[in-house]
Amino acid sequence: MARVGNSIIKGIEIDEAIGLLNRAYADEWLAYYQYYIESKVIKGIMKDSIIAELNQHATDELRHADMIAGRILQLGGTPLLNPKEWFKQTNCGYEEPKDFDVLAILEDSIKGEQCAIETYSKLVDITKDKDIVTYDIVSEILADEVEHEEDLQGLYEDITEFKVQIKESLK
Ligand SMILES: [Fe+2]
Ligand SMILES: [Fe+2]
């Protein structure tokens, strides 16, 4: 039976919404894994506080994946079933950590968050006044991604500043 919940969607095809959500779903799983593995391999100054932040972000990205999967199912779609699809459908790709130093890891993560912010702000624009339920979900995720970027930038600046102070004190 047709769902009344879906009949309130106006001006956007449900299949299009499902497709866009699945792309974001791929991003979230890749972001989750990126934070997870970064927290394992990271090295250097103030490592412990960065690990705590990376773990928090990993938890958030997985929660985002869960929110999106729920909405895809509600719309009558199927969340991507095969991880191979994550790489085919992702908007933001995956930054394999190559340099494990704290600053390099933070740079990779900041790049990911900036892409996530762009992706979700587009989704907010696309769904606004058309699919209110998806709009609410992507708006909430967007706010988290903005906070993620800010937290990482803050840590990046703290470490950079700390390194300068150490250099000064050694003079
Ligand atoms: Fe996310
Ligand atoms: Fe994030």
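Scroll up to find the structure.
Definitions and cut-offs
- Residues numbered from 1 in each chain as written.
- Chains lettered and ligands numbered in written order.
- Predicted model: local features only at pLDDT ≥ 70, side-chain atom pairs only at ≥ 80, totals over all residues.
- Heavy atoms only, no water.
- Helix = DSSP H or I, 4+ residues; strand = E, 2+ residues; numbered from the N terminus.
- Buried < 20%, exposed > 50% of the residue type's maximum accessible area, 1.4 Å probe, protein only.
- Core = buried A, V, L, I, M, F, W, Y, C linked by side-chain atoms within 4.5 Å.
- Contact = heavy atoms within 4.5 Å.
- Axes fitted to C-alpha atoms, helices over the stretch in contact; angles between N-to-C directions.
- Parallel < 35°, antiparallel > 145°, perpendicular 65-115°, else oblique.
- Left-handed = near helix turned anticlockwise from the far one by under 90°.
- Nonpolar A, V, L, I, M, F, W, Y, C, P; charged D, E, K, R; others polar.
- 1 Å grid on protein atoms, 1.4 Å probe; cavity = no way out; pocket = protein on both sides within 12 Å on 5 of 7 lines; lining within 4 Å.
- Points joined across faces, edges and corners; volume = space filled by probe spheres on them.
- Donors = N, O, S within 2.8 Å, 3.2 Å for Na, K, Ca; no water.

Attention shifts here to unusual backbone geometry. For methionine 46, which is not a glycine, the phi torsion comes out positive at approximately 55°. Structurally, methionine 46 can be placed in the loop between helix 2 (14-41) and helix 3 (47-74). Take methionine 46: its relative accessible area is 29%, and that puts it in the partly exposed class. Look at aspartate 129: it is not a glycine, yet its phi comes out positive at around 60°. Checked against the element boundaries, aspartate 129 lands in the loop between helix 5 (102-127) and helix 6 (132-169). Residue classification places aspartate 129 among the exposed residues on the basis of a relative accessible area of 67%.

Grouped burial of nonpolar side chains is what soluble globular proteins tend to show. One finds Tyr25, Ile68 and Tyr120 to be the most contacted residues of the largest nonpolar core, which totals 26 residues. Every element with two or more residues in this core is listed here: helix 2, helix 3, helix 5 and helix 6. Once residues lying within four places of it in the same chain are set aside, the contact partners of tyrosine 25 are Ala65, Ile68, Ala69, Ile72, Pro79, Leu80 and Trp86. Among the nonpolar cores identified, the runner-up in size contains 13 residues, and Ile50, Leu54, Ala58 and Ile105 belong to it.

All right, on to the packing of helix 2 against helix 5 then. The N-to-C vectors of helix 2 and helix 5 enclose an angle of 165°; their axes lie 11 Å apart at closest approach. Between helix 2 and helix 5, the angle is such that the two are roughly antiparallel. The crossing of helix 2 and helix 5 is left-handed. Across the interface between the two elements, Leu20, Ala24, Asp27, Glu28, Gln34, Tyr35, Glu38 and Val41 of helix 2 pack against Ile105, Asp108, Ser109, Glu113, Thr119, Tyr120, Leu123 and Ile126 of helix 5. Each residue belonging to the contact of helix 2 with helix 5 can be placed in one class, and the counts come to eight nonpolar, three polar and five charged.

Computed from the structure, the largest pocket encloses a volume of approximately 240 Å³. Residue lining of the largest pocket: 20 residues in total, with Ala31, Gln34, Cys92, Gly112 and Glu113 positioned closest to the centre. Every element with two or more residues in the lining of the largest pocket is listed here: helix 2 and helix 5. Here the residues of the lining of the largest pocket sort into eight nonpolar, four polar and eight charged. One number sums up the size of the second largest pocket: a volume of about 150 Å³.

What follows covers the coordination of the iron ion (ligand 2). Binding of the iron ion (ligand 2) to the protein goes through Glu61 (OE), Glu113 (OE), Glu113 (OE), Glu145 (OE) and His148 (ND1), at separations of 2.0 to 2.4 Å. Between the donor residues of the iron ion (ligand 2), the gaps in sequence give the motif E-x51-E-x31-E-x2-H. In this structure, the iron ion (ligand 2) is positioned 4.0 Å from the iron ion (ligand 1), and both are ligated by glutamate 61. Here the residue glutamate 113 occupies a position in helix 5, and histidine 148 occupies one in helix 6, the gap between them amounting to 35 residues. Residue glutamate 113 is classed as buried on the basis of its relative accessible area of 2%.

Structural measurements only, silent on function.
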